[in-house]
Structures are given as structure tokens and as C-alpha cells.
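Structural overview
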Amino acid sequence: MRYPSDSVRLALPKGRLLSPTAELLNGIGLSFEEYDSGARRYRLQSPRYPFLSAKVLQERDVCVQVAVGNYDLGICGSDWIEELQAGYPASTLVKLLGFDYGEGSLYLVAGCHSGISDVSDLASRPSAWRIVSEYANLAQALASKLRLRSYRVFPVWGASAAYLPEDADLAVLWARNEKEIESQGLCALMELFPVQAFLIANQNHLEKRDVSPILDCFGPCTVSKRRDVLAGGLSVAARPAVSSPRGQEKVVRLALPDGHQKAPTSQFLERAGLKIEGYAGKTLERCLSADIRWMSIKVIRPQDMPLHVANGHFDLAITGRDWLLEHLYRFPSSPVTELLDLGFGKVKIVAALAEETPAATIDDLRGLVQTGTLSPLRVASEYVSIADKYLRDNHISSYKLIPTWGASEAFLPEDADLLIDNTQTGKTLAEHDLRVIDVLLRSSACLVGNTHSIGSPDKRERMESVVTMLQRGLE
Amino acid sequence: MENRKCKGMRDFLPDDMVRFRHIEDVFRACCCKYDYREVRTPTLEYLHLFTAVGTLTPSMLGKVYSFLDWDGWSGERVVLRPDGTIPVARLYVENLSEYEQAKLFYVSNSFVFEGTGRKDRERWQCGAEFIGGVKLVADAEAISLAVEVLSRLGLSDVRLQLSHAGLVKALIMELDLGTGEEAKVTARILDGDWEALSEAKSTRDDLDRFLSPLLNLKGKSGSFLRNVRALSAAASASFKSSLDDFIGIATLLDDLDCDYEIDITAIRSFEYYTGVCFRLLCDGETIGGGGRYDDLITLMSEKTARACGFALYIDPIMRLLSYEGGEGSRVLIVGEQPVPETIRLCFTLAQSLRDMDCVATVDFQRRETSGYRWVVSVSGEGVPRFAVTNLERKEQRNVSSAAAVVSIVSG
């Protein structure tokens, strides 16, 4: 289903900007029922303008959806706008109005004891800087602007601060203020720009479609000026250089998942007899200690684990097989491998269509693409590489992949034709009138390891003892 | 299904390729006569090769096609070659650095993102690099080679403009702007915005004596630079040293009767250049450029090696070139019926003609004959079997053997 051409579509943010955005919309007569912090509805209809509909999306998705033209207008934070534009300078996303709300800033940070005292240190040192960030495009642009001689950017889904200083030298991250950064044992080298909310538009739609009744509503809004991206420089007091803890060769480094996987993983570890202080608690602690002297533990996003295990930042990690395969499909030569199937956290990765799509199998869908009925096929997925491989393997000849960052089921049928997503029972999919046409793979939690570490005489024995210990949890 | 080529990419059609190959052939022949040897670098390079200070400008870095390839789990990005010189410098460092001197040339594409998609994002160039040559002599040789290639291609009214990267950098230092402001002015100039220099120069009035002529006048000989030298008593030692270097090459070109124009604003994106730079124009289009880059090899290795080079831009040269190619003797062999005996006769005749360096095509569909000099009709039965028509002279002769046809066609 595609929207009628005379409708106006607005993408609204979830999360940190939801409440002030709802307040703004109420103030200018553009309120939507159920757009508040307790709301669970994705699709909203304007009570004032029958032609105006809205969808509630993750902020990052708001940018992508407006840029690809699924929405005429959107509201989101400048950090995600700049991130998109840094990666795709020719995108059709334009900023229309800056609002006087938003929170925090984007910072370049380093570990407090890293010995880095100023951004000017970065270009002068011959180090191969490891930069971790949710804002991978901005991190690339910043590294280029700072003229770093050698650097690697590791994109992560979240918890950037947790990687410093052992697993990364620098991070580009969002924080409320410098105090918050300091409270994490980090120091801000540079404030890139303050994050504020913006009204954004799809440039092509703005040139061709009349969205003036909606833009008129925003007339009385306060327009803010913002600083140029990457323009500011913040030097901090020089700190004594301290050697990085990279050299702990014999310590086995384990990554455990946060989010939904935290509770079942904690229960499993308890069954296996591995006592980890603070992991089962309600407050999220990123650095933990176990009752094993030679083990260090960090809690990060399961999506990010294979990449960091591959790069030797962790020797072992508990993640989902789905995320391991997502990584291996993208980087087939990556030195990360599954060591043990832990059995819990079972999900299926499925291909699903909206009920009304006239296809029962992927072969039917191929037919619809070949005849031009659905061409290019718009595919929404958090699993971009798995989806890409599935579409290639099934000879879907024309498709566009739309990366999503959660709540992907909300994209069909308006903004995508096919969904590649995980499901436990299929209930959520059914609630959104989606029908599974194929099961791509079955996934469960697994222990993954770095193949180089396994081969290392220093670590092999210790890693094998962790595997043996976890096997006890399976009994 | 609609198949479309990628935005900003270009198809080369047969007529384009005739001109492309002609440029390549002329360039290759000239380079070989100057004792340069051909190399080819890969399309993919690591991004870090281009990120250090002294390689690509920030503006150029913002336009490269970089990505994580299948092997990119370590975060090491690769890039579609955005420049011809830096990969050749890397090739020299990795493979040929035991040689004090290397004269290398290449024909390659480079990829630069351009926002509108209306201009080419894949660009072709012929380039030559002289690593380890004697300063001034190597510069003059590079310029002579570039000019000779363009002359042999038949391009007339080619303008040669000279500038000097070291002089421009010294000029910016001369303004005494402070680190932040100096970086901004440098970035603007690298992007071709020379207004930055005019706007900044007002801060020191004593510089105006030599800045104004340098920025506003177009010298035609080394004498112009000597005049500027006389006006620059207040300038720094590094400015004077660069100016002396510039005077040296200008004087040498004067001695070689090479026409040029001194225009220090003629260069852009010259981050890795250190000495004399030049630009070649024809019919208002920039068709080539080059210069001295003495620090690039050092940046990549411990080795110190002076170097200079140039590139000729194939795409604008193709637009300016009227060359249509020498077709030679093109022969269309038309079989009466596609029966085994006739096919065998046609194939045998075609091979005999090809052995005589003719272009021969066998056809049984009696297609369009335009573009051919000869048409030979072949019948399966009867004598004579071959009707040979010279389309230019509109003459026809009937012969009975393939050898007779070859004899007529090859004259």
C-alpha cells in the first residue's frame, strides 16, 4: 500500500524528543491523540487536518524515512540529521526549522588516563586510532577533518562509552554535558555541536507538493541558530600519559549482553556457576567483575559483539546467532566463530509481508518484482546483511534495503513491502497484520570467540575452561 | 525491466573508444620515447593512504568513494582510487624504492563524488611521474612531455599556466594569521577560492607591494618573477627561496622557447605539491595539470625522493578532439545463402583478408554497407563466385578465387 498523493505524512520521534515535540505540536494546533510518552500506537491521524497522518518512529529512522521520501516532513535531533548527511551528502533531506529544544551535545571523548590532552595531539601521533561510535559517518568525517593519519571507525548500536579505554581510544558520542562524560571516567576533547530538534523535509516533496498548511502551523515557532558541525574545539588540561591497558595479554575478556538478553543470560550464568557481581541487578553496570581472577567483563549491545570479538577487543561474548551471522555475511573472513550454542533466547528470522500483498512465497514475490508490481521491492530490516543475502540468494532483481533501528513491523505496508525481522511467537507480526512467508534461520544465544585468541597459547586453556563451565549450564 | 547506469557514471560508445584509444596511444608512444615505463595500480586502495596531511585535501577527502569491503571487519576502509599520483607513489615505495630514479606512466580512472550527478564521477587520466629526477630538469621534462602529447594529438591553442605551491604556502605564512585562521585560508585556497588571500592580505600593508602583482598580474617570462623578487625585500626567507625556485624553472622554460603564463591562482587541491605547478587549458577547459611533490614519498616511507608529474584529463580532451580514426580497408563479405559451402568460402576469404591486415566481416543478412570500402558478394555455385565492389569508386569486378579477391582488396 502506498499513500495517496494528496496526503501529507509526518514522521515523529520516539524517545528523548517525544515529550517536547508533543508539547510543541499541541502549542501550534497540530496535536495528535495518543502521541505522548505512554503511547504505544505507531500510526496517528491529525484530528484537525484529515489529509495529515503521522507515524512514530525511532529518531534515526525519522531521518532515513524522510530522506527516502516515505514522509514529507519529520522532526528529529540534529545529531541524526548530521549523521545521515555526513554519510550521504547528496541525500534529499533538508532542514527547515530549528526548534528551541533538544538535549545534550555530541562530543569527541577519550579515556581520562589515555594521555590525550588535546585534539591537536591526535594528528601528530602515528597511532592507528580506534574510534567507536553510534555516529559512524560523523566519526569518519571528524577523523578526516582532524587529519588523523591512520584510524578505524567501529560503528556500534550503543554503549560507546563502555569501550574506552581498553577497546577503543576515542568515541564520538552523545552526552547531556561534560559532567556526565567525566562521571564515566572519560574526558571531552571536543564538543562537535549541541543537539537540537529540527523540522526536516524531503527536498523533492518540498519542491513539488503543497505542504504549506502544515508549515504555516510552524510559523510562530522559535527558530534557533546552531553552531557549525565540527567547528568547535575544546581543549582540556593536559593529563599525564598513562599506558593503555591494552597489554593485558592473558586476561580473558568476556562481553555480556544488555537489553532483553540480560535477564536470561544472567540466569544461565548462574546455572553454570559463574558468579558475576552486579549483572543481575536492575541498574545497568557496564564494567563487571567475576569470581575468576583472570577474567574481565563488559556489558554491551549484543549486535556489536561479533565485530568487537573479531577485532580482539573481547575474546568471548554471549550474543545471538542472528547477530553473528549478520556480521559473517557482511565480513566472511572475520575471525569470529560460534563456540557453544547456549540454547536460550530462541527466535526465528522471518520474511513477512502485509496481509494484503498477493504473495504466499518468496517465488510469488519475485514474480511481483519481475512484473513491476512491486519494483523496486522496499525491504525493511535491522538485519541488513542477512536481508541482503536472502534477497540475492532468491534472485530478487530490484530491491531497496531500508535499515531500521527497532519496531520494524511498523514500516509495513506504507513504508516497506517486505520485512526481515526476528520473532519468537509471531504474535507481534500478526497484531500488525503481517504474514510470515519464509523462515530464513533459527537463532538462539551462543558463545562466540575470537579464532586468534583461541589459537593463542596464553589464552587457549582459560577460554576452554569458560566453555566447559558454560556447558554445565546446559545440563 | 529498466536498466540504468549508475548516476555520474559514463558509457564509452565505439566512437568514444576510438578517440579514447587514440589519446592513450599517442600518450603511450610519447612516454615511451621519453623513457617512461607503464604501470597500473589497483582500483581499490586503503583509505589511510589518502588521509594524512600532505596527501588529499579535506575537501577531496569529503568526495571519495570509501567503504568497508568484504574483508572490512577490522574497520579498515578501502577507497575507489580518488587520485592517480598517490597510488603511483605507493607503488614506487612498495616495489621500486631500491631504484634512485623511476620514470613511470599510467592510464587509469579515478573516482570523485560530485553532488549533482550531472558531471562524471569516474574520470580518466593519462599520467606520468618522474621520481628521483634532478629538480628543474625533471620539471621542464614533465612540462615538455605534457605539451608534446597535446601537440601530437592536434590540439591547438593550448595554454600553459604556471604557479608554485611552495610559494603559495609561504605567502599564506607571510600573512601571519594565527593557526586557526591560517588553516581556514589554506582550506579556501585549496578549494580554489583565491578571494581568501585577497581578503586576508589587508592585515599586513607592507606585503601589498609584491602580493598585488602576484595575485593580479599574469607574467609571461622569468623577468616578471625577478621583478616580484625585487619588490619582496620584506618577505621571509622561505618565500624568497620558493620564488627563486620558481624563477629557475621559468628561466629554463624561457630558454627552451616554451610559452607560458604565470598565474599563481591557476592551481587548486595542491595539498601534496611542494614546488612548481602547472595547468593546461584548451578552449577554456582544464585538460591537464601537474607539479612537484617532494614530500609525498617521504610521507609514505623513510626514503627521501624528489618527484614531479602530471596528468592529462582524457574526458575533456575527448570532447575537444575531432579525431575519427583511420578505418583502413574494411571489407563486408556477403554470402548469398547460409549453406555450408558458401559459409566455408566466406570464412576462408575473411581469414585471408585479416591476414593481410584488412578488417573483414561475414554477413548473410545483406545489411547496411555504409562505412565499408569493399563489398564482396559470394555465391555458393557457379563461376565466378566472387563479385568485388569498390564502394568509393563504384567499380565492380567478378573473380573466381579468394586469392584474386585478396589481391584486388590489398591493392
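Residues numbered from 1 in each chain as written. Chains lettered and ligands numbered in written order. Predicted model: local features only at pLDDT ≥ 70, side-chain atom pairs only at ≥ 80, totals over all residues.

1. Considerations on the overall build of chain A
Note the cut-off: In this text, helices come from DSSP runs of H or I with a minimum length of four residues, and strands from runs of E with a minimum of two, each type numbered from the N-terminal end. Atoms counted for the radius of gyration: C-alpha only. Globule rule: 2.2 Å times residue count to the power 0.38. Residues with at least 20 other C-beta atoms within 10 Å of their own are called buried, those with 12 or fewer are called exposed, and the rest are partly exposed. The C-beta atoms themselves are positioned from the backbone.
Helix and strand counts for chain A stand at 16 helices and 23 strands. Taking 23 Å as the expected radius of gyration for a compact globule of 475 residues, we find that chain A reaches 24 Å, a close match to that expectation. Summarising its shape, the C-alpha atoms of chain A cover approximately 65 × 55 × 40 Å along the three principal directions. Residue burial in chain A is summarised as follows: out of 475 residues, 45% are buried.

2. A look at the sheet that holds strand β17 (residues 336–341) of chain A
All names here are of chain A. Defined as follows: Only strands that DSSP links by at least two bridges are regarded as paired with each other. Any pair of residues counts as being in contact when their C-beta atoms, constructed from backbone geometry, are within 7 Å of one another. Lines fitted to the C-alpha atoms define the axes, with helices restricted to the stretch that makes contact. Angles between their N-to-C directions range from 0 to 180 degrees.
Spatially, the 7 strands line up as an open sheet ordered β13-β14-β15-β12-β16-β23-β17, and their pairing is mixed. Edge positions in the sheet fall to β13 (276–277) and β17, since each of these pairs with one other strand and no more. The sheet contact formed by strand β16 (residues 316–320) and strand β23 (residues 445–450) spans 5 bridges and is antiparallel. Bridging across to β23, T319 finds its partner in C446. The sheet contacts of helix α9 (residues 262–272) involve β12 (252–257), β13, β16 and β23, and relative to β12 the element is tilted by about 130°. Contacts from helix α16 (residues 460–474) reach β12, β16, β17 and β23 within the one sheet, and its direction differs from that of β17 by about 35°.

3. Regarding the packing of helix α5 (residues 165–174) of chain B against helix α10 (residues 237–255) of chain B
Residue and element names in this part refer to chain B. What counts, and what does not: Any angle from 65 to 115 degrees is called roughly perpendicular, while one under 35 is roughly parallel, one over 145 is roughly antiparallel, and all others are oblique. By definition, turning the near helix anticlockwise from the far helix through less than a right angle yields a left-handed crossing, and turning it clockwise yields a right-handed one. Amino acids outside the nonpolar list (Ala, Val, Leu, Ile, Met, Phe, Trp, Tyr, Cys, Pro) and the charged list (Asp, Glu, Lys, Arg) are all regarded as polar, and Gly is one of them.
Axis separation between α5 and α10 bottoms out at 9 Å; the angle between their running directions is 160°. Taken together, the axes of α5 and α10 lie roughly antiparallel to each other. In the packing of α5 onto α10, the handedness of the crossing is left-handed. Facing α5, whose interface residues are G166, L167, A170, L171, M173 and E174, α10 presents S238, F239, S242, L243, D245 and F246. Of the residues in the contact of α5 with α10, the class split is 7 nonpolar, 3 polar and 2 charged.

4. Focus: the packing of helix α13 (residues 340–355) of chain B against helix α14 (residues 402–409) of chain B
All names here are of chain B. Running from amino to carboxyl end, α13 crosses α14 at an angle of 35°, the nearest separation of the two axes being 10 Å. Taken as a pair, α13 and α14 cross one another with a handedness that is right-handed. Note on element contacts: α14 touches α13 through A402, V405, V406 and V409, opposite T348, L349, S352 and L353.

5. Remarks on the sheet that holds strand β8 (residues 150–155) of chain A
All names here are of chain A. Strand order in this open sheet of 5 strands is β8-β7-β9-β6-β10, and the pairing throughout is mixed. Each edge of the open sheet is held by one strand with a lone partner, namely β8 and β10 (186–194). If you compare each strand with its neighbour and ignore which way they point, the axes differ by 25° on average. Strands β6 (105–111), β7 (128–133), β8, β9 (170–175) and β10 of the sheet are contacted by helix α5 (residues 136–145), whose axis makes an angle of about 170° with β8.

In short, shape yes, function no, at least from these values alone.
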